[in-house]
Amino acid sequence: MKGNGLVLTSLMKLLFCLVSFSLLASAQDYLLLSDVLKEVSDKPEFINTLVDRFGVLDAEQVTKLRGYIRDKQWKMVDSFPGLTVKELGRSIRLAGKLLPKPKPEHSETIDFTVPPLKDLGYGLAFGDEVDPKLAPLHKDSVELATRLNEPHPEKLLAELQQSGHTVEIRDARYFSNFGDLKYKGRDVLTPFWLDTGIPIPGQKRNLLVPAPHSQHAILVNGPKYQAALCFYFGIDGRAIVRPIDTKDQGWVMGHVAHVYQGAQALEAMRMIGEVIRVYAAIQKANPDLPFGGYYVLGVCNDPGAIVEMKMTGKTTLYPLTLDRKYFAGQGEVTEIVNQLPQDEVSTDKARVIASMPVDDLKQIPIASLRSDLLIVRSAPDVAPRGFSPWLALGFLPILIGGYFIWRSFSAASR
């Protein structure tokens, strides 16, 4: 056994017990993006770099962002881009045509190195930071991540369990952090805001939420390995198991929706392996998909939703974007995909709320978002804004009358 095994075991319990939010106060220690832009908006080179961070947006959205910054419309910047899932899909498809990203290379060797923070000047930096508390796990995590990306990863976990290791898989939710921006050492709030289409009662606006991120954390603890890994589909076009190396910014929060242990952990890992296989097969058959298929094959949440549906019989994740046509003929995965909701078509508030990275909505540090969510949760379900079934019924007599008038004219013309 490793000499520091007990210390690392305690450390892992501390790091990954996300159901406890005693660190909520530190999550509030962030700057708004508008706070930063007020100081550096006159630096065009920085603005160009910032806009590049939103690489999945089309030209129209990029122009909007530049306009908000130019005109100092800071409130709009702090809720940017405020797209519906359908509008986001349109932007990604257009961006994919104009700015195709390099295709992922699905080789046996995957580079899990974390790039260093990039200094932008003016006190600004972006990128991920390696978490020194996770550094002792890095070697084991990389080795197991590589092996778990091979066929039938559940067999490896079964071997680890049989050799005295404990294995736990956690379905965890966060706010997505596409900006990874720091200013003078402080985290900057850079969520990607989505318009859910859900009306806020008493107000002429819809509920906007930061795009949620989800992943399955795979925690291994035992005599040979101490590892922290995660599985999700990234904007890099890879649906793979990865080491957990980096330190999250406080505002992304964290909530564990499901925990799988023992035989359940093996079944969840088997399903993860199936999803990895299917995504690789689809990408091989469709090598020209922009961004490695990101969005049309789903976002980070879609593979997680497949696993959640298998394990619990339903999914509580939002947003889901995958196009079912790509998943035809994939057996078990196809059957599950055909049951998943598609948020370009409709969104229900239960999944939106369940995707928030907190146990209790009152723990959300963004005051305006917290207030909106609490109002929406307590309100009765209503039809999406722009459609009223009562209005449709009101037109029914007109339609019936019009039908008979048409029949009368039709008969007279014979």
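The coordinates are above.
Residues numbered from 1 in each chain as written. Predicted model: local features only at pLDDT ≥ 70, side-chain atom pairs only at ≥ 80, totals over all residues. Heavy atoms only, no water.

1. A word on the packing of helix H10 (residues 262–285) against helix H11 (residues 301–312)
Next, step 1: Where H10 contacts H11, the two axes come as close as 10 Å, and the packing angle between them is 140°. For the element pair H10 / H11, the angle class is oblique. Here H10 and H11 pass one another in a crossing that is right-handed. In this structure, H10 uses Gln 264, Glu 267, Ala 268, Arg 270, Met 271, Ile 272, Val 275 and Tyr 279 to contact H11, whose residues at the interface are Asp 302, Pro 303, Ile 306, Val 307, Lys 310 and Met 311. (Axes fitted to C-alpha atoms, helices over the stretch in contact; angles between N-to-C directions. Helix = DSSP H or I, 4+ residues; strand = E, 2+ residues; numbered from the N terminus. Parallel < 35°, antiparallel > 145°, perpendicular 65-115°, else oblique. Left-handed = near helix turned anticlockwise from the far one by under 90°. Contact = heavy atoms within 4.5 Å.)

2. Let's talk about helix H7 (residues 85–98)
Since one α-helical turn is 3.6 residues long, residues separated by three or four positions face the same way.
Next, step 1: Compared with an ideal rise of 1.5 Å per residue, which puts 14 residues at 20 Å, H7 spans 20 Å between its outermost C-alpha atoms and is within 8% of the ideal.
Next, step 2: For H7, the full list of buried residues reads Val 85, Leu 88, Gly 89, Ser 91, Ile 92, Ala 95 and Gly 96. One face of H7 carries all of its buried residues, which in axial projection span an arc of 165°. For H7, the exposed residues lying more than 90 degrees away from the buried face are Lys 86, Lys 97 and Leu 98.
Next, step 3: Where H7 is buried, its residues meet helix H5 (59–70), strand E2 (81–83) and strand E8 (193–199). (Expected span 1.5 Å × (residues − 1). Buried < 20%, exposed > 50% of the residue type's maximum accessible area, 1.4 Å probe, protein only. Arc of directions from axis to C-beta.)

3. A closer look at the side chain of Glu 154
Next, step 1: Counting through the fold element by element, Glu 154 comes out in helix H9 (residues 153–162).
Next, step 2: Buried and without a salt bridge, Glu 154 has Arg 270 as its closest oppositely charged side chain, separated by 5.8 Å.
Next, step 3: Setting aside chain neighbours within four positions, we find Glu 154 in contact with Leu 266, Met 269 and Arg 270. (Lys, Arg positive; Asp, Glu negative; His and termini not counted. Salt bridge = Lys/Arg side-chain N within 4 Å of Asp/Glu carboxyl O.)

4. Describing the packing of helix H3 (residues 33–40) against helix H4 (residues 44–52)
Next, step 1: Packing of H3 against H4 leaves a shortest axis separation of 10 Å and a crossing angle of 150°. As summarised for this structure, H3 and H4 are arranged roughly antiparallel, according to the angle between their axes. Considering the relative orientation of H3 and H4, their crossing is left-handed. Of the residues in H4, those touching H3 at Leu 33, Leu 37 and Val 40 are Phe 46, Ile 47 and Leu 50.
Next, step 2: When grouped by side-chain class, the residues that make up the contact of H3 with H4 number 6 nonpolar, no polar and no charged. (Nonpolar A, V, L, I, M, F, W, Y, C, P; charged D, E, K, R; others polar.)

5. Thoughts on the sheet that holds strand E5 (residues 166–175)
Next, step 1: Across the sheet, which stays open at both edges, the 5 strands sit in the order E12-E11-E10-E5-E13 with antiparallel pairing between neighbours. Two strands in the sheet have a free side with no partner beyond their single neighbour: strand E12 (239–243) and strand E13 (255–261). Strand-to-strand twist of the sheet, defined as the mean angle between neighbouring strand axes without regard to direction, takes the value 25°.
Next, step 2: Where E5 meets E13, 6 bridges bridge the pair, whose relative direction is antiparallel. Following the sheet pairing, Ala 172 is matched in E13 by Val 256.
Next, step 3: Of the strands in this sheet, E5, strand E10 (212–221), strand E11 (226–233), E12 and E13 are in contact with H10, which crosses E13 at around 110°. (Pairing = 2+ DSSP bridges.)

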